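Overview (structure and organization)
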Amino acid sequence: MNDFHALHHGAAPLLLPNVWDVGSASALVEAGFRALGTTSFGIASAVGVPDGTGRTREHVVALVRRLARLPCLLTVDVENGFSDDPGEVAELAALLAGLGAVGINLEDSADPTRLADVGRHAEKVAAVKERVPWLYVNARVDTYWVGADRTVDATLRRAARYRRAGADGIFVPGELTAVEVAALVDGVGVPLNVLWYPGGLPVARSAALGVKRISMGSQLYRAARRAAVDLATELVSGTRGEGPSTGLRS
């Protein structure tokens, strides 16, 4: 078991912040985080394209190249693999692993509104594990995320297909209750990853239920964007009526 795999089997869950550029990653490494993930939403937003539409493959690869010099374990959000061809997804995984990535997130939504075919997604997972056996494959089940088959039973059925295909962990993002999290932990058979969000289950509660990984997703990117607007607005509010032009549209 390598270091990144081991972080999913400790007494406490892996707390994973997600980054979108070298600056955000460097700051988190300096703050003491040993492992980081990327956020597809943050990367897509930073380059001005919608998330989940398969348009950021080259941006993701370029970012991983730049992050390779940092002293951290890096797992990469690759949306649905940027291809319907399992072989092409496996080649991408091998490329990222060669650049230094230790894991990937592979999501089973065909687009932001519907689930992908479960069999084809399982083929992607299997192809990646055959091509790069040591890479940690976190198979994301998007039932709660897209609002399709939004039940524990449906989620576990999909998760079981991915586990049999070789997935090392299962990620179920979305608003989950403690009862749902407990049932998923009991049923997935591999480490469960959930998404942290303001107002959701506290970290300590998720840990007590048996969650092994807690990701921040796009929360840091969204917080940074809000903070930038708030600070710029504070600048404007402090200069109105004092002479300097704000450049804002009235």
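Above this text sits the structure in question.
Figured I'd write up the structure that's included with this text. Once a new chain begins, its residue numbering starts again from 1 and follows that chain's sequence as written. It should be noted that, the model being predicted, local features are given only for residues of pLDDT at least 70 and side-chain atom pairs only at 80 or more, the latter also being counted only at that level, while totals for whole chains, interfaces and linings use all residues. Note that water and hydrogens are dropped before the side-chain values are worked out from all heavy atoms of the structure.

**Quick notes on the packing of helix α6 (residues 118–131) against helix α8 (residues 152–164)**
Fitted lines through C-alpha atoms give the axes, limited to the stretch in contact for helices. The angle between two N-to-C directions lies from 0 to 180 degrees. Runs of H or I in DSSP of at least four residues are treated as helices and runs of E of at least two as strands, each being numbered from the N terminus. For the pair α6 and α8, the least separation of the axes is 8 Å and the interaxial angle reads 30 degrees. The crossing of α6 and α8 is right-handed. Residue-level inspection shows Val118, Gly119, His121, Ala122 and Val125 of α6 in contact with α8, the latter providing Arg158, Arg161 and Tyr162. Charged residues are taken to be Asp, Glu, Lys and Arg, nonpolar residues to be Ala, Val, Leu, Ile, Met, Phe, Trp, Tyr, Cys and Pro, and polar residues to be all remaining types, Gly included. Considering only residue class, the contact of α6 with α8 consists of 4 nonpolar, 2 polar and 2 charged. Throughout, a crossing is termed right-handed when the near helix is turned clockwise from the far one, and left-handed when it is turned anticlockwise from it by less than a right angle. It only takes one pair of heavy atoms within 4.5 Å for two residues to be counted as in contact.

**Quick look at the nonpolar core**
Soluble globular proteins: nonpolar side chains tend toward being buried together. By size, the foremost hydrophobic cluster in this structure holds 58 residues, and its most contacted members are Leu96, Ile170 and Leu192. For leucine 192, the contacting residues outside a window of four places in its chain are Ile170, Val172, Val181, Leu184, Val185, Val211, Lys212 and Arg213. In this text, buried Ala, Val, Leu, Ile, Met, Phe, Trp, Tyr and Cys residues form a nonpolar core when linked through side-chain atoms within 4.5 Å. Exposure classes here rest on a 1.4 Å probe applied to the protein chains alone. A residue is buried below 20% of its type maximum, exposed above 50%, and partly exposed in between. Counting residues in hydrophobic clusters, the runner-up holds 7 residues, among them Leu16, Ala35, Leu73 and Val102.

**Here's the deal with the environment of tryptophan 20**
Looking at the secondary structure, you find tryptophan 20 in the loop between β2 (18–19) and α2 (22–30). Along the chain, tryptophan 20 and asparagine 80 lie 60 residues apart, while their C-alpha atoms are 18 Å from each other. Leaving out residues up to four positions away in the same chain, tryptophan 20 has contacts with Thr39, Gly42, Ile43, Leu63, Leu220, Tyr221 and Ala224. Two N or O atoms count as a polar contact when they lie within 3.5 Å, although within protein this holds only if one can serve as hydrogen donor and the other as acceptor, and sequence-adjacent residues are included solely when both atoms are side-chain atoms. Among the polar contacts listed, one links the side chain of tryptophan 20 to the side chain of aspartate 21, at a separation of 3.5 Å.

**Details of the side chain of aspartate 168**
Mapped onto the fold, aspartate 168 is located in the loop between α8 and β9 (169–171). Within the local environment of aspartate 168, its side chain forms a polar contact with the backbone nitrogen of valine 137, the two atoms lying 2.8 Å apart.

**Some remarks on the packing of aromatic side chains**
Aromatic ring pairs are reported here in terms of the distance separating the ring centres and the angle at which the planes meet. Each pair of aromatic rings taken from Phe, Tyr and Trp, with Trp reduced to its six-membered ring, is defined by centres within 6.5 Å and is described as stacked if the planes are under 30 degrees apart, edge-to-face if over 60, and tilted in the remaining cases. On inspection of all chains with the given rule, the structure shows 3 aromatic pairs. Between the aromatic rings of phenylalanine 4 and tyrosine 136, the centroid separation amounts to 5.5 Å while the plane-to-plane angle is 85 degrees, which identifies the pairing as edge-to-face. Placement of phenylalanine 4 in helix α1 (residues 3–6) and of tyrosine 136 in strand β8 (residues 136–140) is noted, with a sequence separation of 132 residues between them. Relative accessible area serves as the criterion here: at 1%, phenylalanine 4 is assigned to the buried category. On the basis of relative accessible area, tyrosine 136 is assigned to the buried category, the value being 1%. On the basis of an interplanar angle of 75 degrees and a centroid distance of 6.0 Å, the ring pair of phenylalanine 41 and tyrosine 221 is categorised as edge-to-face. In this pair, phenylalanine 41 sits in helix α3 (residues 40–47) while tyrosine 221 sits in helix α11 (residues 219–239), placing the two residues 180 residues apart along the sequence.

**Concerning the sheet that holds β2**
In spatial order, the strands read β1-β11-β10-β9-β8-β5-β4-β3-β2; together these 9 strands make up an open sheet with parallel pairing. Each edge of the open sheet is held by one strand with a lone partner, namely β1 (14–16) and β2. Pairing between β2 and strand β3 (residues 35–38): 2 bridges, direction parallel. Within β3, the position partnered with valine 19 by the bridge is threonine 38. Any two strands with at least two DSSP bridges between them are considered paired.

**Re the environment of valine 146**
Tracing the sequence through the fold places valine 146 in helix α7 (residues 143–146). For valine 146, a relative accessible area of 16% translates into the label buried. Taking C-alpha positions, valine 146 is 32 Å from valine 29, a pair spaced 117 residues apart along the chain. For valine 146, the residues in contact, after removing those within four places along its chain, are Ser109, Asp111, Pro112, Thr113, Arg114 and Leu115.

**Looking at helix α4 (residues 57–67)**
Along α4, the residues classified as buried are Val60, Val61, Leu63, Val64 and Leu67. Along the axis of α4, the buried residues cluster in a sector spanning 160 degrees; they form a single face. Those residues of α4 that are buried lie in contact with β2, α2, β3, α3, β4 (73–77) and α5 (86–99). As used here, the arc belongs to the directions running from the helix axis to the C-beta atoms.

**Description of the side chain of threonine 39**
By the secondary structure assignment, threonine 39 is in the loop between β3 and α3. For threonine 39, a relative accessible area of 3% translates into the label buried. Of note is the side chain of threonine 39, whose polar atom sits 3.3 Å from the backbone nitrogen of phenylalanine 41. Apart from the residues within four sequence positions on either side, threonine 39 is in contact with Asn18, Val19, Trp20, Asp77, Gly217 and Ser218.

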